[in-house]
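This is what each chain is made of:
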Amino acid sequence: MLILGIESSCDETAASVVEDGTILHSNVVQSQVDIHKAYGGVVPEVAARSHIEVINPVIHQAIEESGFSWDDIDAIAVANAPGLIGSLLVGTLAAATLAKLHGKPLYPVHHVEGHVYANFITKQSAGDPLELPSKQPSFPMLALAVSGLHSQLIMFEDHGKYHLLGETLDDAVGEAYDKVAKILGLPYPGGPSIAKAAVDGDENAFDFPDAKLKGVYDFSFSGLKTAVLRAVQREVGVDHTFPSFELAARLDDATRANFAASFQRVANQTLVKKTVTAFNEFKPASVVIAGGVAADRDLRRRLAEALPVAVEYAPRQLCTDNAAMIATLGYYKSLYCEPTDPEAVEVKPTLSMNETAWRT
Ligand code: KG4
Ligand code: ZN
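Residues numbered from 1 in each chain as written. Chains lettered and ligands numbered in written order. Predicted model: local features only at pLDDT ≥ 70, side-chain atom pairs only at ≥ 80, totals over all residues. Heavy atoms only, no water.

Considering the domain arrangement of the protein
Examined at the domain level, the protein breaks down into domain 1 (2-136 + 316-355) and domain 2 (141-306). Between the C-alpha centres of domain 1 and domain 2 the distance comes to 26 Å. Contacts between the two partners involve 24 residues from domain 1, matched on the other side by 24 residues from domain 2. Note on domain 1 versus domain 2: buried area summed over both sides is about 2,000 Å², and carbon and sulfur give 69% of it. The largest share of the area that domain 1 buries against domain 2 comes from Val116, Cys319 and Met353, three residues that together contribute 26% of it. Our enumeration of links across domain 1 and domain 2 arrives at zero salt bridges. For the interface between domain 1 and domain 2, the tally reads five residue pairs in polar contact (both at pLDDT 80 or more). For the side of domain 1 that touches domain 2, the elements supplying multiple residues, two or more each, are helix H1 (33-37), helix H4 (111-117), helix H10 (316-319) and helix H11 (324-336). It is H4 that provides the largest number of residues to the side of domain 1 that touches domain 2, a total of five residues. Grouping the constituent residues of the side of domain 1 that touches domain 2 by class yields twelve nonpolar, eight polar and four charged. (Domains from an automatic or database assignment. Contact = heavy atoms within 4.5 Å. Buried area = accessible area lost by both parts, 1.4 Å probe. Salt bridge = Lys/Arg side-chain N within 4 Å of Asp/Glu carboxyl O. Polar contact = N/O pair within 3.5 Å; in protein donor to acceptor, adjacent residues only side chain to side chain. Helix = DSSP H or I, 4+ residues; strand = E, 2+ residues; numbered from the N terminus. Nonpolar A, V, L, I, M, F, W, Y, C, P; charged D, E, K, R; others polar.)

Structure, rendered in structure tokens:
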């Protein structure tokens with residue numbers, strides 16, 4: 001069964017064709033990073049406009065590169081939640097229109113749940129070879145989903161049967177990476193630029209406190225970001241009234257690298273600690289990590305060291321936003337769910353995975 005996936009929830013316009021929820025036939029991602037770089041973060045109106053310009057060519061390219069035609073496509077899956085409302089609308093309307101036009105069933109899916117399904121892609125028929133996992137994860141499966149908008153731990157009993165163990169109460173971990181990068185004068189997106197700067201740094205140069213939270217599996221990264229800000233202010237000898245955008249110019253490269261490495265250590269140690277606690281409590285058969293921050297080598301290494309089971313990782317290209325993960329999840333949804341009427345599909349910018357398990 002061939003599924004066309006469409007993704008536009010934030011700042012990547014993407015389309016992909018995936019067979020039977022496991023074989024990747026095409027994966028087209030048009031990133032807006034260069035547009036948003038100038039602002040140090042995603043500007044919602046600019047993102048929506050940019051999606052409108054490229055959505056049709058991106059979908060066309062994904063079908064062409066897959067080697068299949070519209071006649072071969074069995075269904076369309078689209079991320080209709082959560083994300084930026086203007087961005088979600090572009091992909092969702094495109095998917096609904098194409099579903100009606102070509103008479104294909106339509107499956108709206110949750111973007112963060114989609115990230116988890118990047119781990120189910122184990123084969124590819126074309127394109128640059130990716131380092132894919134050797135097999136699909138087995139259930140029960142513990143998932144750590146960490147991106148620019150989300151930090152959550154989810155226990156999956158089976159496809160569509162899951163519950164949220166905990167999530168961030170304030171900033172997502174990727175958001176903290178992006179904000180700390182800004183403080184340190186490193187380019188957007190913060191994840192890769194902090195990882196790069198951290199290589200030359202001493203991860204023990206600075207210590208930052210762990211957030212104390214009521215929920216064992218909840219996260220909070222806003223305090224960590226503020227702790228970095230205060231430490232940078234102390235380091236350069238100014239107080240909290242000093243403009244934060246002028247701090248970076250006063251840091252030398254060695255101190256900047258030390259801050260990057262220390263922040264990365266504390267953020268990743270928090271993620272690993274909670275994942276290990278959940279592993280010990282729920283004894284899953286597999287553990288997966290998903291989302292843009294899952295591309296981080298330091299996080300992967302720490303997790304592998306701390307868990308008693310081997311973890312296979314999705315390639316970096318499938319960790320950051322893409323439509324292959326949406327098509328993959330769409331396949332499993334199509335096995336158990338009725339399609340949605342294209343004229344009735346809605347976007348849900350704040351939909352939590354607390355409410356989205358689709359099998360009981
Ligand atoms: O999943 P994603 O592409 O988009 C969202 O759904 O948010 O994640 C983007 C986030 C950004 O905050 C970016 O800084 C972070 O993932 N990221 C990384 C790395 N690559 C991207 N964080 C840490 N290490 C990386 N190598
Ligand atoms: Zn994402």
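So, the coordination of the zinc ion (ligand 2)
Protein coordination at the zinc ion (ligand 2): the donors are His111 (NE2), His115 (NE2) and Asp321 (OD), at 2.0 to 2.1 Å from the metal. Around the zinc ion (ligand 2) sit four donor atoms, and with donor-metal-donor angles ranging over 93 to 143° the site reads as irregular. As a motif over one chain, the donors of the zinc ion (ligand 2) read H-x3-H-x205-D. Residue His111 and its partner His115 are located together in helix H4, separated by four residues, close to a single helical turn. Classification of His111 as buried rests on a relative accessible area of 5%. When its relative accessible area of 2% is taken as the criterion, His115 is described as buried. (Donors = N, O, S within 2.8 Å, 3.2 Å for Na, K, Ca; no water. Tetrahedral: all angles 85-135°; square planar, octahedral: opposite > 155°, others 65-115°. Buried < 20%, exposed > 50% of the residue type's maximum accessible area, 1.4 Å probe, protein only.)

Remarks on the sheet that holds strand S9 (residues 161-167)
The strand order across the open sheet formed by four strands is S9-S8-S7-S10, and the pairing between neighbours is mixed. The open sheet has two edge strands, S9 and strand S10 (286-290), and neither has a second partner. Across the sheet, the mean angle from the axis of one strand to that of its neighbour is 20°, orientation sign disregarded. Sheet topology note: the strand S7 (residues 141-146)/strand S8 (residues 151-158) ladder contains six bridges and is antiparallel. In the strand pairing of S8, Leu144 is matched with Leu153. (Pairing = 2+ DSSP bridges. Axes fitted to C-alpha atoms, helices over the stretch in contact; angles between N-to-C directions.)

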